[in-house]
Amino acid sequence: MQSMIPEDMIPEKKRFSVVARTKSLTNAVRGIGIVLRTQHNMWIHMVAMTLVVALGVHLHINQVEWFMLIFAISAVFVTESINTAIEIDIDLTSPEYHPFARDTKDVAAGAVLLAVFCAIVVGAIIFLPKLVF
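Read on for a plain summary of the structure. Source: prediction; values computed, not measured. (Residues numbered from 1 in each chain as written. Predicted model: local features only at pLDDT ≥ 70, side-chain atom pairs only at ≥ 80, totals over all residues. Heavy atoms only, no water.)

**Some words on the layout of surface pockets**
Then comes step 1: Approximately 280 Å³ is the volume attributed to the largest pocket.
Then comes step 2: In this structure, the largest pocket is lined by 14 residues; those nearest its centre are Ala48, Val52, Ile73, Ala119 and Ile120.
Then comes step 3: Residue assignment for the lining of the largest pocket shows that the elements contributing at least two residues are α2 (40-58), α3 (63-93) and α4 (99-132).
Then comes step 4: Among the residues forming the lining of the largest pocket, the class breakdown is 12 nonpolar, two polar and no charged. (1 Å grid on protein atoms, 1.4 Å probe; cavity = no way out; pocket = protein on both sides within 12 Å on 5 of 7 lines; lining within 4 Å. Points joined across faces, edges and corners; volume = space filled by probe spheres on them. Helix = DSSP H or I, 4+ residues; strand = E, 2+ residues; numbered from the N terminus. Nonpolar A, V, L, I, M, F, W, Y, C, P; charged D, E, K, R; others polar.)

**As for the packing of helix α1 (residues 18-38) against α2**
Then comes step 1: Between α1 and α2, the shortest axis-to-axis distance is 5 Å and the interhelical angle comes to 95°. By the angle between their directions, the pair α1 and α2 is classed as roughly perpendicular. Judged by residue contacts, Val35, Leu36 and Thr38 of α1 engage His40, Met42, Trp43 and Met46 from α2.
Then comes step 2: A breakdown of the residues in the contact of α1 with α2 according to their chemical character gives five nonpolar, two polar and no charged. (Axes fitted to C-alpha atoms, helices over the stretch in contact; angles between N-to-C directions. Parallel < 35°, antiparallel > 145°, perpendicular 65-115°, else oblique. Contact = heavy atoms within 4.5 Å.)

**Side note on a nonpolar patch on the surface**
Then comes step 1: Together, Leu113, Leu114, Phe117 and Ile120 give the surface a local cluster of nonpolar side chains, amounting to about 410 Å² of exposed area.
Then comes step 2: If you trace the backbone, Phe117 turns up in helix α4.
Then comes step 3: Relative accessible area serves as the criterion here: at 46%, Phe117 is assigned to the partly exposed category. (Patch = residues over 30% accessible without salt bridge, like charges linked within 9 Å, V, L, I, M, F, W, Y side chains within 5 Å. Areas by Shrake-Rupley, 256 points an atom, 1.4 Å probe, with all protein chains shown as cover. Salt bridge = Lys/Arg side-chain N within 4 Å of Asp/Glu carboxyl O. Buried < 20%, exposed > 50% of the residue type's maximum accessible area, 1.4 Å probe, protein only.)

This is the structure we're talking about:
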């Protein structure tokens, strides 16, 4: 269904703007750079990803297996990025120690750990039968 609001009635801030989209993309790329520069674990994830991709190429895994691996790897990268954003926010809003701030950081880190465990299970399901049998 098309909007019934005439275009000249849409506030300037809501209209599509290539400049605004470009700035938004630039900010997102900057955010990825922050994660890469500040999180040592992200580099560990990237090394693991490189090894997994190389093993996948070497073992000629199929399209479904690639999809599963890409999804698992993406989940780890996304959770690590969200964890970093939460840590930055907590450091800003609660610079002194507070048990809730600690809990928040620990839960976010736990989410990354869960994603890593799931990625390991996906990798084991795909690679173990090819390596053992």
